[in-house]
Amino acid sequence: MTQAVHASLEQHFDTAFSAPDGIAKLRELILTLAMQGKLVPQDPNDPPASELLKEIEIEKQRLVDEKKIKKPKLLPPIKLEEVPYALPEGWEWVRVRDIGHDWGQKIPNVQFTYIDVGAINNKQGSISGDTQILNASSAPSRARKIVKPGTVIYSTVRPYLLNIAVIEKKYDPEPIVSTAFAVVHPLAKVNAQFIYYYFRSPVFIRYVESTQKGVAYPAINDGDFFSGLFPLPPLSEQHRIVTRIDQLMARCDELEKLRKEREEMRLKVHAAAIKQLLDAPENAGWLFIQKHFGELYTVKENVAELRKAILQLAVMGRLVPQDSNDPPASELLKEIEAEKQRLVEEKKIKKPKSLPPIKPEEVPYELPRGWEWVRLGNLNPEYQNGISKRGSSDGCETIVLRLADIVGNEVSLDNTRSIQLTEKELYKYLLNDGDVLITRVNGSVDLVGSFIRIGQIQRPIAYCDHFIRMKLPLKFTDVDYLHVISKGVLVRRQIEGKFVTTAGQKTVNQSHINTLVLPFPPLAEQHRIVARIDQLMALCDTLEQQIEAASCKQSALLNSVMAQV
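**A few points about the sheet that holds strand 8 (residues 152-155)**
So, step 1. Pairing is antiparallel in the open sheet, where four strands are placed in the order 2-11-8-9. With partners counted over all chains shown, the strands left at the sheet margins are strand 2 (100-101) and strand 9 (164-166), one partner each.
So, step 2. Judged from the four bridges that link them, strand 8 and strand 11 (residues 181-186) form a sheet pairing that is antiparallel. Bridging across to strand 11, Ser155 finds its partner in Phe181.

**Some points on the layout of surface pockets**
So, step 1. For the largest pocket, the calculated volume is near 1000 Å³.
So, step 2. Ile349, Lys350, Pro352, Asn380 and Pro381 are the residues nearest the centre of the largest pocket, which is lined by 29 residues in total.
So, step 3. Residue assignment for the lining of the largest pocket shows that the elements contributing at least two residues are helix 12 (329-345), strand 14 (382-385) and helix 16 (510-514).
So, step 4. Per-element accounting of the lining of the largest pocket gives the leading share, six residues, to helix 12.
So, step 5. Looking at side-chain class alone, the lining of the largest pocket contains 10 nonpolar, nine polar and 10 charged residues.
So, step 6. Reported here for the second largest pocket is a volume of approximately 880 Å³.

**Description of the packing of aromatic side chains**
So, step 1. Using the criterion set out here, one finds 17 aromatic pairs in the structure.
So, step 2. Between the aromatic rings of Phe199 and Phe204, the centroid separation amounts to 5.0 Å while the plane-to-plane angle is 35°, which identifies the pairing as tilted.
So, step 3. On the basis of an interplanar angle of 85° and a centroid distance of 5.7 Å, the ring pair of Phe204 and Phe225 is categorised as edge-to-face. With Phe204 in helix 6 (residues 202-211) and Phe225 in helix 7 (residues 222-227), this residue pair connects regions lying 21 residues apart in the sequence.
So, step 4. Chaining the aromatic ring pairs together yields one cluster made of Tyr154, Phe194, Tyr198, Phe199, Phe204, Tyr207, Phe225, Phe226 and Phe230.
So, step 5. Sitting above the plane of the Trp103 ring, Lys148 keeps its charged end 4.1 Å from the centroid.

Procedures and definitions
Residues numbered from 1 in each chain as written. Predicted model: local features only at pLDDT ≥ 70, side-chain atom pairs only at ≥ 80, totals over all residues. Heavy atoms only, no water. Pairing = 2+ DSSP bridges. Helix = DSSP H or I, 4+ residues; strand = E, 2+ residues; numbered from the N terminus. 1 Å grid on protein atoms, 1.4 Å probe; cavity = no way out; pocket = protein on both sides within 12 Å on 5 of 7 lines; lining within 4 Å. Points joined across faces, edges and corners; volume = space filled by probe spheres on them. Nonpolar A, V, L, I, M, F, W, Y, C, P; charged D, E, K, R; others polar. Phe/Tyr/Trp six-rings, centres within 6.5 Å; stacked < 30°, edge-to-face > 60°. Lys NZ or Arg CZ within 6 Å of the ring centre and 35° of its normal.

By themselves, these are just geometric observations and shouldn't be taken as functional.
Now the structure itself:
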(Lines give C-alpha, C1' and ligand atoms only; values in the text may rest on other atoms or scores of the structure.)
Protein backbone atom coordinates (compact mmCIF):
# COMPACT_ATOMS: atom_id res chain seq x y z
CA MET A 1 0.00 0.00 0.00
CA THR A 2 2.71 2.46 0.99
CA GLN A 3 4.74 1.73 -2.17
CA ALA A 4 1.68 2.41 -4.33
CA VAL A 5 1.02 5.68 -2.49
CA HIS A 6 4.67 6.64 -2.84
CA ALA A 7 4.63 5.97 -6.59
CA SER A 8 1.40 7.94 -7.03
CA LEU A 9 2.80 10.86 -5.04
CA GLU A 10 5.92 10.95 -7.19
CA GLN A 11 3.90 10.72 -10.39
CA HIS A 12 1.77 13.76 -9.63
CA PHE A 13 4.33 16.33 -8.56
CA ASP A 14 3.91 17.84 -12.05
CA THR A 15 0.15 18.06 -11.53
CA ALA A 16 0.71 19.92 -8.28
CA PHE A 17 3.14 22.27 -10.01
CA SER A 18 0.54 23.26 -12.61
CA ALA A 19 -2.37 23.92 -10.23
CA PRO A 20 -2.46 27.46 -8.75
CA ASP A 21 -2.56 26.20 -5.14
CA GLY A 22 -1.06 22.82 -5.98
CA ILE A 23 2.15 23.02 -3.99
CA ALA A 24 0.32 24.07 -0.82
CA LYS A 25 -2.09 21.15 -1.29
CA LEU A 26 0.82 18.83 -1.97
CA ARG A 27 2.38 19.82 1.36
CA GLU A 28 -0.92 19.06 3.08
CA LEU A 29 -1.11 15.68 1.35
CA ILE A 30 2.43 14.78 2.41
CA LEU A 31 1.62 15.51 6.06
CA THR A 32 -1.72 13.69 5.84
CA LEU A 33 -0.09 10.55 4.44
CA ALA A 34 2.69 10.79 7.03
CA MET A 35 0.28 10.94 9.95
CA GLN A 36 -1.75 8.03 8.55
CA GLY A 37 1.35 5.83 8.36
CA LYS A 38 1.32 5.77 4.55
CA LEU A 39 4.43 7.78 3.74
CA VAL A 40 7.09 5.19 4.62
CA PRO A 41 6.78 1.40 4.99
CA GLN A 42 6.38 -0.11 8.45
CA ASP A 43 9.16 -2.35 9.76
CA PRO A 44 7.91 -5.42 11.67
CA ASN A 45 11.16 -5.37 13.64
CA ASP A 46 10.33 -1.98 15.19
CA PRO A 47 9.22 -2.19 18.84
CA PRO A 48 5.54 -1.10 18.83
CA ALA A 49 4.41 2.28 20.15
CA SER A 50 2.89 0.50 23.17
CA GLU A 51 6.47 -0.21 24.34
CA LEU A 52 7.37 3.42 23.78
CA LEU A 53 4.41 4.45 25.93
CA LYS A 54 5.81 2.35 28.79
CA GLU A 55 9.14 4.20 28.47
CA ILE A 56 7.28 7.50 28.42
CA GLU A 57 5.45 6.61 31.63
CA ILE A 58 8.70 5.63 33.37
CA GLU A 59 10.41 8.90 32.38
CA LYS A 60 7.38 10.94 33.37
CA GLN A 61 7.33 9.33 36.80
CA ARG A 62 11.06 9.94 37.23
CA LEU A 63 10.67 13.64 36.43
CA VAL A 64 7.80 13.89 38.91
CA ASP A 65 9.86 12.13 41.61
CA GLU A 66 12.77 14.50 40.94
CA LYS A 67 10.30 17.41 41.20
CA LYS A 68 11.28 18.65 37.75
CA ILE A 69 7.68 18.57 36.61
CA LYS A 70 4.33 18.50 38.35
CA LYS A 71 2.30 15.31 38.36
CA PRO A 72 0.03 15.65 35.31
CA LYS A 73 -3.72 15.44 35.67
CA LEU A 74 -5.34 12.27 34.41
CA LEU A 75 -6.92 12.70 31.01
CA PRO A 76 -10.13 10.89 30.00
CA PRO A 77 -9.69 7.70 27.96
CA ILE A 78 -9.96 8.09 24.19
CA LYS A 79 -13.44 7.30 22.91
CA LEU A 80 -13.99 5.52 19.63
CA GLU A 81 -15.92 8.47 18.19
CA GLU A 82 -12.92 10.74 18.77
CA VAL A 83 -10.63 8.71 16.51
CA PRO A 84 -10.47 10.33 13.03
CA TYR A 85 -9.00 7.29 11.19
CA ALA A 86 -7.48 3.86 11.70
CA LEU A 87 -3.74 3.64 12.37
CA PRO A 88 -1.27 1.02 11.11
CA GLU A 89 -0.36 -1.89 13.32
CA GLY A 90 2.18 -0.86 15.94
CA TRP A 91 0.88 2.72 16.22
CA GLU A 92 -1.24 4.10 19.08
CA TRP A 93 -3.68 6.98 19.48
CA VAL A 94 -2.73 9.02 22.56
CA ARG A 95 -3.34 12.58 23.74
CA VAL A 96 -0.84 15.39 23.20
CA ARG A 97 -0.27 15.55 26.97
CA ASP A 98 0.80 11.87 26.91
CA ILE A 99 3.89 12.42 24.75
CA GLY A 100 5.38 15.53 26.33
CA HIS A 101 5.54 17.88 29.29
CA ASP A 102 6.20 21.53 29.96
CA TRP A 103 8.90 23.02 32.20
CA GLY A 104 6.58 25.25 34.17
CA GLN A 105 6.73 29.00 34.52
CA LYS A 106 8.72 31.62 36.37
CA ILE A 107 9.00 35.36 36.70
CA PRO A 108 12.40 36.30 35.24
CA ASN A 109 14.83 37.52 37.90
CA VAL A 110 17.94 37.81 35.74
CA GLN A 111 18.72 38.73 32.14
CA PHE A 112 16.99 36.35 29.69
CA THR A 113 16.31 35.68 25.98
CA TYR A 114 12.68 36.48 25.23
CA ILE A 115 10.93 34.53 22.46
CA ASP A 116 7.58 36.05 21.51
CA VAL A 117 5.14 34.95 18.79
CA GLY A 118 6.62 37.56 16.45
CA ALA A 119 9.98 35.75 16.57
CA ILE A 120 8.54 32.69 14.78
CA ASN A 121 9.13 32.22 11.07
CA ASN A 122 5.90 30.32 10.42
CA LYS A 123 6.90 29.30 6.90
CA GLN A 124 10.16 27.65 7.95
CA GLY A 125 9.03 26.62 11.44
CA SER A 126 12.07 28.25 13.01
CA ILE A 127 12.91 31.02 15.42
CA SER A 128 14.19 34.11 13.62
CA GLY A 129 16.75 36.59 14.81
CA ASP A 130 14.01 38.76 16.34
CA THR A 131 14.51 37.36 19.83
CA GLN A 132 15.26 39.95 22.50
CA ILE A 133 17.71 39.89 25.38
CA LEU A 134 15.94 41.65 28.25
CA ASN A 135 16.69 42.53 31.83
CA ALA A 136 14.36 41.18 34.49
CA SER A 137 13.08 44.69 35.15
CA SER A 138 11.99 44.96 31.49
CA ALA A 139 10.25 41.58 31.36
CA PRO A 140 6.77 41.69 29.75
CA SER A 141 4.00 40.17 31.84
CA ARG A 142 3.67 37.38 29.24
CA ALA A 143 7.33 36.33 29.51
CA ARG A 144 6.87 33.34 31.80
CA LYS A 145 7.21 29.89 30.18
CA ILE A 146 10.47 27.93 30.43
CA VAL A 147 11.82 26.05 27.40
CA LYS A 148 14.92 24.01 26.59
CA PRO A 149 16.55 22.61 23.43
CA GLY A 150 14.14 20.10 21.84
CA THR A 151 11.01 21.83 23.16
CA VAL A 152 8.17 22.35 20.68
CA ILE A 153 6.28 25.65 21.04
CA TYR A 154 2.83 26.25 19.52
CA SER A 155 1.09 29.64 19.49
CA THR A 156 -2.43 29.05 20.80
CA VAL A 157 -3.42 32.62 19.83
CA ARG A 158 -4.56 32.93 16.20
CA PRO A 159 -3.48 29.32 15.61
CA TYR A 160 -4.38 29.54 11.91
CA LEU A 161 -1.07 31.41 11.44
CA LEU A 162 0.78 28.20 12.39
CA ASN A 163 3.38 29.94 14.56
CA ILE A 164 5.04 26.67 15.57
CA ALA A 165 8.72 25.93 16.08
CA VAL A 166 11.23 23.64 17.76
CA ILE A 167 13.81 25.16 20.12
CA GLU A 168 16.82 23.82 18.25
CA LYS A 169 19.73 25.39 20.11
CA LYS A 170 20.89 26.44 23.53
CA TYR A 171 20.32 30.13 24.17
CA ASP A 172 22.50 32.30 26.35
CA PRO A 173 21.05 33.85 28.43
CA GLU A 174 18.28 31.36 29.30
CA PRO A 175 15.25 31.48 26.97
CA ILE A 176 11.76 32.36 28.21
CA VAL A 177 8.76 32.22 25.88
CA SER A 178 5.44 34.03 25.90
CA THR A 179 2.42 32.57 27.63
CA ALA A 180 0.80 32.70 24.17
CA PHE A 181 2.63 29.41 23.50
CA ALA A 182 1.71 25.89 24.49
CA VAL A 183 4.96 24.13 25.45
CA VAL A 184 5.56 20.45 24.64
CA HIS A 185 8.90 18.89 25.58
CA PRO A 186 9.04 15.33 24.18
CA LEU A 187 9.23 12.37 26.60
CA ALA A 188 11.31 9.22 26.02
CA LYS A 189 13.04 10.74 22.98
CA VAL A 190 9.83 11.14 20.98
CA ASN A 191 10.95 12.98 17.83
CA ALA A 192 10.35 16.73 18.27
CA GLN A 193 10.27 17.29 14.52
CA PHE A 194 7.56 14.63 14.17
CA ILE A 195 5.51 16.49 16.78
CA TYR A 196 6.09 19.74 14.87
CA TYR A 197 4.90 18.21 11.59
CA TYR A 198 1.83 16.74 13.26
CA PHE A 199 0.85 20.15 14.63
CA ARG A 200 0.97 21.48 11.04
CA SER A 201 -0.98 18.57 9.56
CA PRO A 202 -4.58 18.98 8.31
CA VAL A 203 -5.98 16.58 10.92
CA PHE A 204 -4.66 18.62 13.86
CA ILE A 205 -5.55 21.92 12.19
CA ARG A 206 -9.16 20.70 11.86
CA TYR A 207 -9.18 19.72 15.54
CA VAL A 208 -7.95 23.16 16.59
CA GLU A 209 -10.51 24.89 14.37
CA SER A 210 -13.27 22.82 15.98
CA THR A 211 -12.26 23.77 19.54
CA GLN A 212 -10.88 27.32 19.33
CA LYS A 213 -12.90 30.20 20.75
CA GLY A 214 -13.39 33.70 19.35
CA VAL A 215 -13.84 35.08 15.84
CA ALA A 216 -11.72 38.20 15.36
CA TYR A 217 -8.96 36.89 17.65
CA PRO A 218 -9.42 33.11 17.88
CA ALA A 219 -7.46 31.03 20.40
CA ILE A 220 -7.37 27.48 21.77
CA ASN A 221 -6.93 27.06 25.51
CA ASP A 222 -4.25 24.77 26.96
CA GLY A 223 -6.80 22.26 28.22
CA ASP A 224 -8.26 21.66 24.77
CA PHE A 225 -4.82 21.77 23.14
CA PHE A 226 -3.29 19.04 25.33
CA SER A 227 -6.46 16.93 25.07
CA GLY A 228 -6.02 16.70 21.30
CA LEU A 229 -5.30 13.27 19.83
CA PHE A 230 -1.82 12.32 18.64
CA PRO A 231 -0.93 9.35 16.37
CA LEU A 232 2.16 7.79 17.96
CA PRO A 233 4.32 5.56 15.71
CA PRO A 234 7.28 3.41 16.85
CA LEU A 235 10.31 5.62 17.54
CA SER A 236 12.34 4.35 14.56
CA GLU A 237 9.43 4.99 12.22
CA GLN A 238 9.09 8.52 13.55
CA HIS A 239 12.66 9.19 12.40
CA ARG A 240 12.04 7.60 8.98
CA ILE A 241 8.87 9.66 8.53
CA VAL A 242 10.62 12.92 9.46
CA THR A 243 13.47 12.16 7.03
CA ARG A 244 11.00 11.48 4.23
CA ILE A 245 8.92 14.57 4.98
CA ASP A 246 12.08 16.68 4.96
CA GLN A 247 13.00 15.28 1.53
CA LEU A 248 9.55 15.90 0.06
CA MET A 249 9.22 19.37 1.59
CA ALA A 250 12.61 20.24 0.09
CA ARG A 251 11.23 19.20 -3.32
CA CYS A 252 8.19 21.40 -2.70
CA ASP A 253 10.57 24.29 -1.92
CA GLU A 254 12.34 23.65 -5.23
CA LEU A 255 9.01 23.59 -7.08
CA GLU A 256 7.96 26.88 -5.48
CA LYS A 257 11.29 28.45 -6.41
CA LEU A 258 11.00 27.20 -10.00
CA ARG A 259 7.42 28.41 -10.29
CA LYS A 260 8.36 31.83 -8.92
CA GLU A 261 11.28 32.08 -11.38
CA ARG A 262 9.02 31.12 -14.30
CA GLU A 263 6.33 33.59 -13.30
CA GLU A 264 8.88 36.37 -12.82
CA MET A 265 10.38 35.60 -16.23
CA ARG A 266 6.94 35.56 -17.86
CA LEU A 267 6.10 38.92 -16.28
CA LYS A 268 9.51 40.33 -17.24
CA VAL A 269 9.22 39.22 -20.87
CA HIS A 270 5.69 40.62 -21.09
CA ALA A 271 6.76 43.92 -19.50
CA ALA A 272 9.52 44.23 -22.10
CA ALA A 273 7.05 43.49 -24.92
CA ILE A 274 4.57 46.05 -23.57
CA LYS A 275 7.34 48.66 -23.29
CA GLN A 276 8.35 47.99 -26.88
CA LEU A 277 4.70 48.17 -27.88
CA LEU A 278 4.41 51.63 -26.30
CA ASP A 279 7.82 52.92 -27.39
CA ALA A 280 8.18 51.53 -30.91
CA PRO A 281 5.76 52.99 -33.52
CA GLU A 282 6.45 50.05 -35.83
CA ASN A 283 4.59 47.79 -33.36
CA ALA A 284 7.39 45.24 -32.99
CA GLY A 285 6.15 44.68 -29.45
CA TRP A 286 2.68 43.79 -30.72
CA LEU A 287 4.12 41.29 -33.19
CA PHE A 288 6.03 39.63 -30.34
CA ILE A 289 2.88 39.52 -28.18
CA GLN A 290 0.88 37.94 -31.01
CA LYS A 291 3.58 35.32 -31.60
CA HIS A 292 3.83 34.34 -27.93
CA PHE A 293 0.21 35.06 -26.95
CA GLY A 294 -0.48 31.61 -25.47
CA GLU A 295 2.62 31.69 -23.24
CA LEU A 296 2.24 35.27 -22.03
CA TYR A 297 -1.44 35.21 -21.08
CA THR A 298 -1.57 32.37 -18.59
CA VAL A 299 -1.41 34.74 -15.60
CA LYS A 300 -3.86 37.51 -14.72
CA GLU A 301 -1.06 39.96 -13.92
CA ASN A 302 -0.13 40.09 -17.60
CA VAL A 303 -3.75 40.65 -18.62
CA ALA A 304 -3.91 43.58 -16.19
CA GLU A 305 -0.79 45.05 -17.82
CA LEU A 306 -2.33 44.53 -21.27
CA ARG A 307 -5.39 46.53 -20.18
CA LYS A 308 -3.12 49.39 -19.09
CA ALA A 309 -1.21 49.24 -22.40
CA ILE A 310 -4.48 49.39 -24.39
CA LEU A 311 -5.50 52.57 -22.57
CA GLN A 312 -2.03 54.06 -23.01
CA LEU A 313 -2.04 53.34 -26.75
CA ALA A 314 -5.50 54.91 -26.96
CA VAL A 315 -4.41 58.24 -25.48
CA MET A 316 -1.27 58.25 -27.65
CA GLY A 317 -3.36 57.96 -30.82
CA ARG A 318 -1.94 54.55 -31.72
CA LEU A 319 -4.88 52.27 -31.07
CA VAL A 320 -6.77 53.04 -34.29
CA PRO A 321 -5.55 54.63 -37.54
CA GLN A 322 -6.17 58.33 -38.16
CA ASP A 323 -8.52 59.33 -40.96
CA SER A 324 -7.44 62.39 -42.97
CA ASN A 325 -11.09 63.11 -43.71
CA ASP A 326 -11.87 63.75 -40.03
CA PRO A 327 -12.25 67.46 -39.14
CA PRO A 328 -9.32 68.21 -36.78
CA ALA A 329 -9.86 68.62 -33.04
CA SER A 330 -8.95 72.32 -33.36
CA GLU A 331 -12.21 72.87 -35.31
CA LEU A 332 -14.12 71.01 -32.62
CA LEU A 333 -12.58 73.24 -29.92
CA LYS A 334 -13.67 76.37 -31.87
CA GLU A 335 -17.25 75.03 -31.93
CA ILE A 336 -17.11 74.31 -28.19
CA GLU A 337 -15.87 77.86 -27.50
CA ALA A 338 -18.59 79.37 -29.71
CA GLU A 339 -21.25 77.31 -27.89
CA LYS A 340 -19.87 78.47 -24.55
CA GLN A 341 -20.03 82.12 -25.59
CA ARG A 342 -23.62 81.71 -26.80
CA LEU A 343 -24.70 80.18 -23.45
CA VAL A 344 -23.02 83.01 -21.54
CA GLU A 345 -24.69 85.67 -23.68
CA GLU A 346 -28.07 83.97 -23.18
CA LYS A 347 -27.31 83.96 -19.42
CA LYS A 348 -27.79 80.21 -19.28
CA ILE A 349 -24.35 79.77 -17.70
CA LYS A 350 -21.94 82.09 -15.90
CA LYS A 351 -18.79 83.15 -17.67
CA PRO A 352 -16.23 80.52 -16.64
CA LYS A 353 -12.89 81.50 -15.17
CA SER A 354 -9.99 81.41 -17.59
CA LEU A 355 -7.86 78.29 -17.36
CA PRO A 356 -4.05 78.51 -17.35
CA PRO A 357 -2.37 77.72 -20.66
CA ILE A 358 -0.82 74.26 -20.96
CA LYS A 359 2.90 74.44 -20.21
CA PRO A 360 5.42 72.46 -22.29
CA GLU A 361 6.39 70.40 -19.22
CA GLU A 362 2.75 69.26 -18.86
CA VAL A 363 2.83 67.62 -22.31
CA PRO A 364 4.19 64.07 -21.92
CA TYR A 365 4.44 63.15 -25.64
CA GLU A 366 3.68 64.33 -29.17
CA LEU A 367 0.17 63.77 -30.45
CA PRO A 368 -0.87 62.63 -33.93
CA ARG A 369 -1.86 65.25 -36.49
CA GLY A 370 -5.41 66.47 -35.91
CA TRP A 371 -5.27 65.98 -32.11
CA GLU A 372 -4.94 68.71 -29.47
CA TRP A 373 -3.87 68.90 -25.84
CA VAL A 374 -6.70 70.48 -23.82
CA ARG A 375 -7.69 71.05 -20.23
CA LEU A 376 -10.90 69.27 -19.33
CA GLY A 377 -12.44 72.64 -18.50
CA ASN A 378 -11.98 73.64 -22.16
CA LEU A 379 -14.63 71.07 -23.11
CA ASN A 380 -17.33 73.16 -21.37
CA PRO A 381 -18.30 70.72 -18.61
CA GLU A 382 -21.17 71.44 -16.21
CA TYR A 383 -20.60 70.37 -12.58
CA GLN A 384 -22.91 69.80 -9.64
CA ASN A 385 -21.98 68.52 -6.19
CA GLY A 386 -24.33 65.90 -4.74
CA ILE A 387 -27.07 66.30 -2.15
CA SER A 388 -25.76 66.73 1.39
CA LYS A 389 -28.92 66.55 3.49
CA ARG A 390 -30.97 63.55 4.53
CA GLY A 391 -33.96 64.44 2.37
CA SER A 392 -37.25 66.26 2.84
CA SER A 393 -40.26 65.44 5.01
CA ASP A 394 -42.32 65.07 1.86
CA GLY A 395 -41.62 64.51 -1.79
CA CYS A 396 -40.80 61.59 -4.04
CA GLU A 397 -39.01 58.50 -2.68
CA THR A 398 -35.71 58.44 -4.63
CA ILE A 399 -32.59 56.27 -4.62
CA VAL A 400 -29.50 58.25 -3.65
CA LEU A 401 -26.18 56.70 -4.69
CA ARG A 402 -23.49 56.43 -1.99
CA LEU A 403 -19.85 55.35 -2.16
CA ALA A 404 -21.01 51.88 -1.09
CA ASP A 405 -23.05 51.67 -4.33
CA ILE A 406 -19.91 51.91 -6.50
CA VAL A 407 -18.46 48.44 -7.10
CA GLY A 408 -15.60 47.92 -9.53
CA ASN A 409 -15.93 51.52 -10.76
CA GLU A 410 -19.54 50.85 -11.77
CA VAL A 411 -22.92 51.60 -10.20
CA SER A 412 -24.49 48.72 -8.26
CA LEU A 413 -28.16 48.88 -7.29
CA ASP A 414 -28.11 45.75 -5.14
CA ASN A 415 -28.28 47.47 -1.75
CA THR A 416 -29.33 51.09 -2.25
CA ARG A 417 -30.87 53.61 0.16
CA SER A 418 -33.73 56.01 -0.60
CA ILE A 419 -34.80 59.41 0.70
CA GLN A 420 -37.63 61.80 -0.15
CA LEU A 421 -36.71 64.59 -2.58
CA THR A 422 -38.78 67.60 -3.61
CA GLU A 423 -39.44 68.41 -7.25
CA LYS A 424 -36.78 71.14 -7.13
CA GLU A 425 -34.21 68.70 -5.67
CA LEU A 426 -35.10 66.09 -8.26
CA TYR A 427 -34.45 68.60 -11.06
CA LYS A 428 -31.09 69.47 -9.52
CA TYR A 429 -29.74 66.04 -8.54
CA LEU A 430 -31.29 63.43 -10.85
CA LEU A 431 -28.83 61.52 -13.03
CA ASN A 432 -29.24 61.07 -16.78
CA ASP A 433 -27.69 58.89 -19.44
CA GLY A 434 -24.34 60.38 -20.38
CA ASP A 435 -23.60 61.87 -16.96
CA VAL A 436 -20.29 61.12 -15.27
CA LEU A 437 -19.96 60.86 -11.49
CA ILE A 438 -16.56 61.80 -10.09
CA THR A 439 -15.70 60.51 -6.63
CA ARG A 440 -14.98 63.68 -4.68
CA VAL A 441 -13.84 62.17 -1.38
CA ASN A 442 -12.76 58.73 -0.16
CA GLY A 443 -10.26 57.08 2.16
CA SER A 444 -8.90 55.01 -0.74
CA VAL A 445 -6.43 56.77 -3.05
CA ASP A 446 -7.49 54.51 -5.94
CA LEU A 447 -11.10 55.70 -5.75
CA VAL A 448 -10.71 59.47 -5.26
CA GLY A 449 -11.18 61.25 -8.56
CA SER A 450 -12.41 58.12 -10.33
CA PHE A 451 -14.90 58.68 -13.18
CA ILE A 452 -18.07 56.55 -13.13
CA ARG A 453 -20.04 56.44 -16.37
CA ILE A 454 -23.82 56.58 -15.91
CA GLY A 455 -25.62 54.44 -18.47
CA GLN A 456 -29.29 54.20 -19.24
CA ILE A 457 -31.38 55.04 -16.16
CA GLN A 458 -34.47 52.88 -15.64
CA ARG A 459 -35.73 54.77 -12.55
CA PRO A 460 -35.08 58.08 -10.79
CA ILE A 461 -31.64 58.07 -9.15
CA ALA A 462 -29.84 60.95 -7.39
CA TYR A 463 -26.39 61.05 -5.78
CA CYS A 464 -24.90 62.12 -2.45
CA ASP A 465 -22.28 64.82 -1.81
CA HIS A 466 -19.40 62.32 -1.98
CA PHE A 467 -19.68 62.80 -5.75
CA ILE A 468 -19.46 65.55 -8.33
CA ARG A 469 -21.70 65.12 -11.36
CA MET A 470 -20.22 66.21 -14.70
CA LYS A 471 -22.23 66.82 -17.88
CA LEU A 472 -20.52 67.40 -21.22
CA PRO A 473 -22.02 68.65 -24.50
CA LEU A 474 -22.29 65.26 -26.21
CA LYS A 475 -22.28 66.73 -29.71
CA PHE A 476 -18.62 67.68 -29.19
CA THR A 477 -17.24 64.98 -26.89
CA ASP A 478 -17.75 61.21 -26.67
CA VAL A 479 -18.31 60.76 -22.93
CA ASP A 480 -17.20 57.12 -23.23
CA TYR A 481 -13.83 58.29 -24.56
CA LEU A 482 -13.42 60.54 -21.55
CA HIS A 483 -14.46 57.69 -19.25
CA VAL A 484 -11.97 55.16 -20.61
CA ILE A 485 -9.00 57.53 -20.70
CA SER A 486 -9.75 58.57 -17.11
CA LYS A 487 -8.71 55.04 -16.08
CA GLY A 488 -5.29 55.35 -17.68
CA VAL A 489 -1.98 56.31 -16.09
CA LEU A 490 -1.93 59.77 -17.71
CA VAL A 491 -5.09 60.99 -15.96
CA ARG A 492 -4.65 59.06 -12.71
CA ARG A 493 -1.21 60.55 -12.08
CA GLN A 494 -2.57 64.07 -12.57
CA ILE A 495 -5.50 63.44 -10.22
CA GLU A 496 -3.28 61.96 -7.51
CA GLY A 497 -1.05 65.04 -7.80
CA LYS A 498 -4.02 67.29 -7.02
CA PHE A 499 -5.29 65.54 -3.87
CA VAL A 500 -6.11 67.68 -0.84
CA THR A 501 -6.39 66.00 2.57
CA THR A 502 -9.41 67.11 4.61
CA ALA A 503 -10.24 65.46 7.96
CA GLY A 504 -7.99 62.54 7.06
CA GLN A 505 -9.73 61.99 3.69
CA LYS A 506 -8.31 62.57 0.22
CA THR A 507 -10.47 64.98 -1.77
CA VAL A 508 -10.66 66.62 -5.20
CA ASN A 509 -12.83 69.51 -6.34
CA GLN A 510 -14.20 70.95 -9.57
CA SER A 511 -11.15 73.19 -10.06
CA HIS A 512 -8.86 70.16 -9.87
CA ILE A 513 -10.91 68.31 -12.48
CA ASN A 514 -11.07 71.36 -14.76
CA THR A 515 -7.29 71.66 -14.97
CA LEU A 516 -6.65 68.05 -16.04
CA VAL A 517 -4.64 67.92 -19.28
CA LEU A 518 -6.13 65.51 -21.83
CA PRO A 519 -5.31 64.37 -25.39
CA PHE A 520 -8.31 65.37 -27.54
CA PRO A 521 -8.84 63.64 -30.90
CA PRO A 522 -11.41 64.43 -33.63
CA LEU A 523 -14.91 63.31 -32.59
CA ALA A 524 -15.11 60.51 -35.18
CA GLU A 525 -11.79 59.14 -33.94
CA GLN A 526 -13.05 59.29 -30.34
CA HIS A 527 -15.89 56.98 -31.41
CA ARG A 528 -13.46 54.60 -33.18
CA ILE A 529 -11.17 54.50 -30.14
CA VAL A 530 -14.06 53.64 -27.81
CA ALA A 531 -15.25 50.84 -30.12
CA ARG A 532 -11.73 49.39 -30.35
CA ILE A 533 -11.21 49.58 -26.58
CA ASP A 534 -14.52 47.77 -26.06
CA GLN A 535 -13.33 44.97 -28.36
CA LEU A 536 -9.93 44.65 -26.70
CA MET A 537 -11.31 44.82 -23.16
CA ALA A 538 -13.74 42.05 -24.09
CA LEU A 539 -10.71 40.05 -25.23
CA CYS A 540 -9.07 40.71 -21.85
CA ASP A 541 -12.26 39.53 -20.10
CA THR A 542 -12.12 36.32 -22.14
CA LEU A 543 -8.45 35.81 -21.31
CA GLU A 544 -9.14 36.18 -17.59
CA GLN A 545 -12.05 33.75 -17.84
CA GLN A 546 -9.81 31.24 -19.64
CA ILE A 547 -7.10 31.61 -16.99
CA GLU A 548 -9.69 31.12 -14.25
CA ALA A 549 -11.16 28.08 -16.03
CA ALA A 550 -7.68 26.56 -16.54
CA SER A 551 -6.85 27.15 -12.88
CA CYS A 552 -10.10 25.50 -11.78
CA LYS A 553 -9.46 22.57 -14.10
CA GLN A 554 -5.93 22.11 -12.75
CA SER A 555 -7.18 22.34 -9.16
CA ALA A 556 -9.93 19.80 -9.88
CA LEU A 557 -7.39 17.44 -11.43
CA LEU A 558 -5.12 17.76 -8.41
CA ASN A 559 -8.05 17.20 -6.02
CA SER A 560 -8.97 14.07 -7.97
CA VAL A 561 -5.40 12.81 -7.80
CA MET A 562 -5.17 13.54 -4.07
CA ALA A 563 -8.46 11.75 -3.46
CA GLN A 564 -7.10 8.63 -5.19
CA VAL A 565 -3.95 8.74 -3.04
